[in-house]
Amino acid sequence: MDHDHVRDVDPAVADALEGELERQRSTLQMIASENHVSRAVVDAQGSVLTNKYAEGYPGSRYYGGCEYADEVEQLAIDRAAELFGAEHVNVQPHSGTQANQAVYFAMLEPGDRILSLDLTHGGHLSHGHPANFVGQLYEVEQYEVDAETGYIDYDGLEEQAAEFDPDIVVSGYSAYPRDIDWERIQDVADDVDALHLADIAHITGLVAAGVHSSPVGIADFVTGSTHKTIRAGRGGIVMCDEEYADDVDAAVFPGGQGGPLMHNVAGKAVGFEEALQPEFEEYAEQTVANAKALGETLADEGFSLVSGGTDNHLVLVDLRESHPDTSGGDAEVALEEAGIVLNGNTVPGETRSAFDPSGIRAGTPALTTRGFDEDDCRKVGELIARVIDAPDDEAVKAEVREEVEALCAANPLYEDD
Ligand SMILES: *Cc1c(COP(=O)(O)O)cnc(C)c1O
């Protein structure tokens, strides 16, 4: 994977690109929202479609010369519809956040009410956090996970909805390791005549592969990112029933965006084609098996897992009991020095701050892409434990870094090009 054309013009950026490639190759990417796309997706995203204006939708554009743009976008739409069983698909959102904003803009008036999971309990900024404009434009109340079990408190959600009377209930999360009872949340929304937005950003690939329950056909709107467990490159997607199709399309463009990023739409088309292959199901199954192996190892090493384990691609570790003197931020820094890249994360009942929280979140989507199996992930769990047990011990970090490099060498990334 060379960057010769960039180097000819701009050695500084070429150096940074090569540094990033080497960083991805030689360290463990365990940020649960990250993955490694295929060379095919990289090429599609780095294509001449970045030159093309295609405001509008296939067959109905505001610009000429859109025949290939139309072809690519229609392929992305048709493949997503097949993957998820969705009636209507919009593949133009630039990100998962913009996909959510399109749904709010399509269906809500300023001042309308959103009921969503608290950020520190695993929710997302785009679900109405005050730092996002959504939190300022609409009236937001947040629900929580059960403090004891770490599972969504469905009964509490039902009571809260009855009191708050939301216009939309948001489900789907950023740091939630368990399967989600979409039907139960749909019932909660139905009881108060609210809409239901299921945001599957993290689990899009697991849902597509059928290894996680799907909200499609249950929730009114399903949104997602296309670069997380589904390896289709950076971007977003909205799915809905035909009855909302025109409103959603108008809210994406011209409501919230201008010209679509057609090179990214091409990446989505290629990534969805890959996800339609039988091997993708194996990938998704292995991702979950790896997360379970990682979680079991960490539990054996004395760590406390929120909810006690995982049903999906991530584990959330609460460090407060096992390592009261080590914050999630401390752990993140020490692990990165040892070649293991993940993030400090808030945990339910957070007692520190979002900047230096009490937990860490670790995911297996990227490791699984580069070929890691359960044994490798058990090994990774042991390495994580060694570092967090002695976060200031330079010798330990150096030893772990060597073991990380050996694991990476045994599971090479982007090696043939
Ligand atoms: C990642 C994520 C998003 C979208 O993130 P983008 O970076 O905007 O693509 C939306 N919702 C949830 C729950 C997420 O985890």
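Small disclaimer: the values here were computed from a predicted structure and weren't measured.

In this section: the overall build of the protein. For the protein, the helix and strand inventory stands at 16 helices and 15 strands. Compactness check: the protein gives a C-alpha radius of gyration of 21 Å against a globular reference of 22 Å for 417 residues, within 12% of the reference. The C-alpha extent of the protein, read off along each of the three principal axes, is 60 × 60 × 35 Å. Residue burial in the protein is summarised as follows: out of 417 residues, 56% are buried. Counting only contacts in the protein whose residues sit at least 6 apart along the sequence, the fraction spanning at least 24 positions is 73%. For the protein, the centre of its 24 positive side-chain charges and the centre of its 83 negative side-chain charges are spaced 7 Å apart.

What follows deals with the sheet that holds strand 11 (residues 304-305). Spatial strand order, 11-12-15-14: 4 strands in an open sheet with antiparallel pairing. Each end of this open sheet is capped by a strand with a single partner; those strands are strand 11 and strand 14 (343-345). Running at roughly 45 degrees to strand 15 (residues 359-363), helix 13 (residues 328-337) makes contact with strand 14 and strand 15 of the sheet.

Within the structure shown, the criterion is met by 19 salt bridges. A salt bridge links Arg79 to Glu273; the nearest nitrogen and oxygen atoms lie 3.1 Å apart. In this pair, Arg79 sits in helix 4 (residues 67-84) while Glu273 sits in helix 11 (residues 262-275), placing the two residues 194 residues apart along the sequence. For Arg79, a relative accessible area of 18% corresponds to the buried category. Glu337 is paired through a salt bridge with Lys397; the nearest N and O atoms lie 2.5 Å apart. You can see Glu337 sitting in helix 13 and its partner Lys397 sitting in helix 16 (residues 394-410), a full 60 residues away along the chain. Under the relative-accessibility criterion, Glu337 is labelled partly exposed at 43%. Among the residues examined, Lys397 registers a relative accessible area of 5% and is labelled buried. By sharing partners, the salt bridges in this structure join Lys379, Arg386, Glu399 and Glu403 into a single network.

So, on to the side chain of Gln101. In this fold, Gln101 is placed in helix 5 (residues 96-107). Aside from chain neighbours lying at most four places away, what touches Gln101 is Asn132, Phe133 and Val134.

Time to look at the UniProt feature "site: Plays an important role in substrate specificity" (unreviewed entry) in the protein. UniProt's feature table lists "site: Plays an important role in substrate specificity" (unreviewed entry) at His227, given in the numbering used throughout. Residue placement: His227 occurs in the loop between strand 9 (221-225) and strand 10 (236-240). For His227, a relative accessible area of 12% puts it in the buried group. Once residues lying within four places of it in the same chain are set aside, the contact partners of His227 are Ser33, Asn35, Gly233, Arg234 and Gly235.

For the rest of this paragraph, the subject is the packing of helix 4 against helix 11. Packing of helix 4 against helix 11 leaves a shortest axis separation of 8 Å and a crossing angle of 40 degrees. Comparing their axes, helix 11 and helix 4 come out oblique. Once helix 4 is placed against helix 11, the crossing between them reads as left-handed. Facing helix 4, whose interface residues are Ala69, Val72, Glu73, Leu75, Ala76, Arg79, Ala80 and Leu83, helix 11 presents Met262, Val265, Ala266, Ala269, Val270, Phe272, Glu273 and Ala275. The class makeup of the residues in the contact of helix 4 with helix 11 is 13 nonpolar, no polar and 3 charged.

All right, on to helix 11 then. Its 14 residues place the ends of helix 11 20 Å apart at the C-alpha level, agreeing with the 20 Å of an ideal helix rising 1.5 Å per residue. The buried count for helix 11 comes to 11 of 14 residues, which makes it a mostly enclosed element. Taken together, the buried positions of helix 11 are occupied by Met262, His263, Asn264, Val265, Ala266, Gly267, Lys268, Ala269, Gly271, Phe272 and Ala275. Residues of helix 11 that are buried make contact with helix 3 (39-45), helix 4, strand 10 and helix 12 (278-300).

About the criteria used
- Throughout this document, residue positions are counted from 1 along each chain, in the order its sequence is written.
- In keeping with the model being predicted, local features are shown solely for residues with a pLDDT of at least 70 and side-chain atom pairs are shown and tallied solely at 80 or more, while totals for entire chains, interfaces and linings include all residues.
- Each side-chain value is worked out from all heavy atoms of the structure, with water and hydrogens disregarded.
- By definition, any uninterrupted DSSP run of H or I lasting at least four residues is a helix, any uninterrupted run of E lasting at least two residues is a strand, and each is numbered from the N terminus.
- Radius of gyration: over C-alpha atoms. The globule rule applied is 2.2 Å multiplied by the number of residues raised to the 0.38 power.
- Categorising residues by exposure relies on relative accessible area from a 1.4 Å probe, with only protein chains included: less than 20% of the type maximum marks a residue as buried, more than 50% marks it as exposed, and the intermediate range marks it as partly exposed.
- By definition in these notes, contact holds between two residues if any of their heavy atoms fall within 4.5 Å.
- A positive count includes Lys and Arg, and a negative count includes Asp and Glu. His and the chain ends are not counted in either.
- To locate a charge, take atom NZ for lysine, CZ for arginine, CG for aspartate or CD for glutamate.
- Two strands form a pair only when DSSP identifies at least two bridges running between them.
- Every axis corresponds to a line fitted to the C-alpha atoms, with the helix fit spanning only the stretch in contact, and the corresponding angles, defined between N-to-C directions, vary from 0 to 180 degrees.
- Any Lys or Arg side-chain nitrogen located within 4 Å of an Asp or Glu carboxyl oxygen qualifies as a salt bridge.
- UniProt positions are given in the numbering used here, feature names are shortened, and annotations may be inferred rather than shown by experiment.
- Any angle between 65 and 115 degrees counts as roughly perpendicular, while under 35 counts as roughly parallel, over 145 as roughly antiparallel, and the rest as oblique.
- For any helix crossing, the convention is left-handed if the near helix is rotated counterclockwise from the far helix by under a right angle, and right-handed if that rotation is clockwise.
- Amino acid classes used here: Ala, Val, Leu, Ile, Met, Phe, Trp, Tyr, Cys and Pro are nonpolar; Asp, Glu, Lys and Arg are charged; the rest, including Gly, are polar.
- In this analysis, the expected span of each helix is defined as 1.5 Å times one less than the number of residues it contains.

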